[in-house]
Amino acid sequence: MKIPRLTTKDLLSITDLSRDEILQLFRLAARLKADLKMGRNHDLLKKKSLAMIFEKSSTRTRVSFETGVTQLGGHALFLSGNDIQIGRGETIQDTAKVLSRYVDCIMIRTFAQQTVVDLAENSRIPVINGLTDLFHPCQALADFFTVYERGDDLGSIKFTYIGDGNNVANSLIQCAAILGMRMTVLGPSEFKPPSDIVNEAMRLAGESGAEIVISSDIDKDLAGTDYLYTDVWISMGQENDPTVQQKKALLSPYKITMPLLQKCGNGCQVMHCLPAHRGEEIDDSVLDSERSIVYEQAENRMHIQKAIMCALMR
Ligand code: CP
């Protein structure tokens, strides 16, 4: 089994990876997925331990990482931020130095990207970003792996993200820019992805040949979409923000409904990282339709994360 040799110690954002490294991870994920379906498991992480720190809720990330490492012969520890000493003020630096002496890798879901950076800088072992307010790299890799395994040419398809310019959108933009894809981000100007993320993606696109479009114009820029992606409008931690209702009103034209889907290309597939707020950013009739590939995406979290863990812990 060919395990990618990555130049990075950690996966903190998609920009830690090159195009070639991402494609190598896709190939390994496809092989691990196919072998699992044939009943063949590989002890690639035998006796390895993964610490999973969660300062936010999770279903997919927690279960897919824990199951994935177990399938590879390793072991995962679930560490709730409230239960470990981080919750009582122990520094992330001390946490990093201590965990480095026990386990082989840390996956963390937290708020600030700087927390993940500090954790990685003070760890002797790899650190994987399992979601911050800024990025969700494992999600973006699972999503484009889902497109890749369907046999589509990543350089030819039109991929459109519609809605809030959030952490998932940021990682998708970075990944599309590195892979040389055509990606459009559609949403109200108030909720576009941050300009530093977009500018960096444009720079990467200049190297890869990617085409990144940021727009608010549904009628002009939805046409020809092969994959239409959305995420919740109110991310974890924003629920009590006083501007929530105003944000929802501005985003309402960007809700995925059947009429909106009909403005895309024929056979356009619908994606969502889940959990969905059904009836808010996407209608049930779309999410539960044959156009939806959301459960393939969710499953692929596990397969791509197995590949990521193998590559980082090799
Ligand atoms: N998409 C995602 O990260 O799901 P969870 O929040 O359930 O982990």
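Cut-off values and rules
- Residues numbered from 1 in each chain as written.
- Predicted model: local features only at pLDDT ≥ 70, side-chain atom pairs only at ≥ 80, totals over all residues.
- Heavy atoms only, no water.
- Helix = DSSP H or I, 4+ residues; strand = E, 2+ residues; numbered from the N terminus.
- Rg over C-alpha atoms; globule rule 2.2 N^0.38 Å.
- Buried < 20%, exposed > 50% of the residue type's maximum accessible area, 1.4 Å probe, protein only.
- Contact = heavy atoms within 4.5 Å.
- Near = heavy atom within 4 Å.
- Polar contact = N/O pair within 3.5 Å; in protein donor to acceptor, adjacent residues only side chain to side chain.
- 1 Å grid on protein atoms, 1.4 Å probe; cavity = no way out; pocket = protein on both sides within 12 Å on 5 of 7 lines; lining within 4 Å.
- Sits in = over half its atoms within 2 Å of the grid points.
- Pairing = 2+ DSSP bridges.
- Axes fitted to C-alpha atoms, helices over the stretch in contact; angles between N-to-C directions.
- Salt bridge = Lys/Arg side-chain N within 4 Å of Asp/Glu carboxyl O.
- Points joined across faces, edges and corners; volume = space filled by probe spheres on them.
- Nonpolar A, V, L, I, M, F, W, Y, C, P; charged D, E, K, R; others polar.
- Parallel < 35°, antiparallel > 145°, perpendicular 65-115°, else oblique.
- Left-handed = near helix turned anticlockwise from the far one by under 90°.
- Right-handed = clockwise from strand over helix to strand, strands pointing away.

**Here's the deal with the overall build of the chain**
So, point 1. Scanning the chain from terminus to terminus reveals twelve helices and nine strands.
So, point 2. Taken over C-alpha atoms, the radius of gyration comes to 19 Å for the chain, in line with the 20 Å a tight globule of 314 residues would show.
So, point 3. With the C-alpha coordinates of the chain rotated into their principal frame, the extents come out at 55 × 45 × 35 Å.
So, point 4. With 314 residues in all, the chain has 57% of them scored as buried.
So, point 5. Within the chain, contacts between residues separated by at least 24 positions form 76% of all contacts whose residues are at least 6 apart in sequence.

**As for the site of the ligand**
So, point 1. Taken together, Ser58, Thr59, Arg60, Thr61, Arg109, His136, Gln139, Cys273, Leu274 and Arg301 make up the full set of residues adjacent to the ligand.
So, point 2. In this structure, an oxygen atom belonging to the ligand sits 2.7 Å away from a side-chain N or O atom of Ser58.
So, point 3. Separating a nitrogen atom of the ligand from a side-chain N or O atom of Gln139 is a distance of 3.0 Å.
So, point 4. Structurally, the ligand is housed in the largest pocket.

**What about the sheet that holds strand 4 (residues 127-129)?**
Whether parallel or antiparallel, the strands of a sheet pair through hydrogen bonds between backbone atoms.
So, point 1. A sheet is described by the order of its strands in space; here four strands give the open sequence 2-1-3-4, paired in parallel fashion. The outermost strands of the open sheet, each flanked by one partner alone, are strand 2 (75-80) and strand 4. This sheet shows a mean twist of 20° between the axes of neighbouring strands, independent of strand direction.
So, point 2. Alignment of strand 1 (residues 49-54) against strand 2, held across six bridges, turns out to be parallel. For Leu50, the partnering residue across the bridge sits in strand 2 and is Ala76.
So, point 3. Against the sheet, helix 2 (residues 60-71) contacts strand 1, strand 2, strand 3 (105-109) and strand 4, and its axis sits at roughly 175° relative to strand 1.

**A look at the pattern of salt bridges**
So, point 1. Scanning the entire structure with this criterion turns up 16 salt bridges.
So, point 2. Here Arg40 and Asp35 are joined by a salt bridge, their closest N and O atoms 3.3 Å apart.
So, point 3. Using a relative accessible area of 4% as the deciding quantity, one classes Asp35 as buried.
So, point 4. One salt bridge connects Lys263 with Asp219, and the closest N-O pair in it is separated by 3.4 Å. Highlighted residues: Lys263 in the loop between helix 10 (258-261) and strand 9 (269-272) and Asp219 in helix 8 (residues 218-221), separated in sequence by 44 residues.
So, point 5. The class of Asp219 is exposed, set by a relative accessible area of 62%.
So, point 6. Shared partners join several salt bridges into a network, and the residues in it are Arg31, Asp35 and Arg40.

**Points about the layout of surface pockets**
So, point 1. Each pocket or cavity is described by its volume, and for the largest pocket that value is around 600 Å³.
So, point 2. In terms of lining, the largest pocket is formed by 34 residues, of which the most central are Leu131, Asn167, Val232, Ser235 and Met236.
So, point 3. In terms of residue count, helix 6 (residues 167-179) provides more of the lining of the largest pocket than any other element does, three residues in total.
So, point 4. By residue class, the composition of the lining of the largest pocket is eleven nonpolar, 13 polar and ten charged.

**Considering the packing of helix 2 against helix 12 (residues 294-312)**
So, point 1. Closest axis-to-axis distance for the helix 2/helix 12 pair is 9 Å, and the angle between their directions is 50°. Considering the angle they form, helix 2 stands oblique to helix 12. In terms of crossing hand, the pair formed by helix 2 and helix 12 is right-handed. Touching Arg60, Thr61, Ser64, Phe65, Thr67, Gly68, Val69 and Gln71 of helix 2 are Ala298, Arg301, Met302, Gln305, Lys306 and Met309, all from helix 12.

**A word on the pairing of strand 3**
So, point 1. With five of five residues buried, strand 3 is to be regarded as a mostly interior element.
So, point 2. Covered by surrounding structure in strand 3 are Cys105, Met107 and Arg109 together with Ile106 and Ile108, the residues of both alternating faces.
So, point 3. Here five bridges tie strand 1 to strand 3, and the two strands are oriented parallel to one another. Opposite Ala51, over in strand 3, you have Ile106 as the bridge partner.
So, point 4. Summarising the sheet, strand 3 and strand 4 pair through three bridges and their orientation is parallel. By the bridge assignment for strand 4, Ile108 is matched with Asn129.
So, point 5. In terms of handedness, the path from strand 3 via helix 4 (residues 113-121) over to strand 4 forms a crossover that is right-handed.

Worth remembering: the numbers are spatial, not functional.
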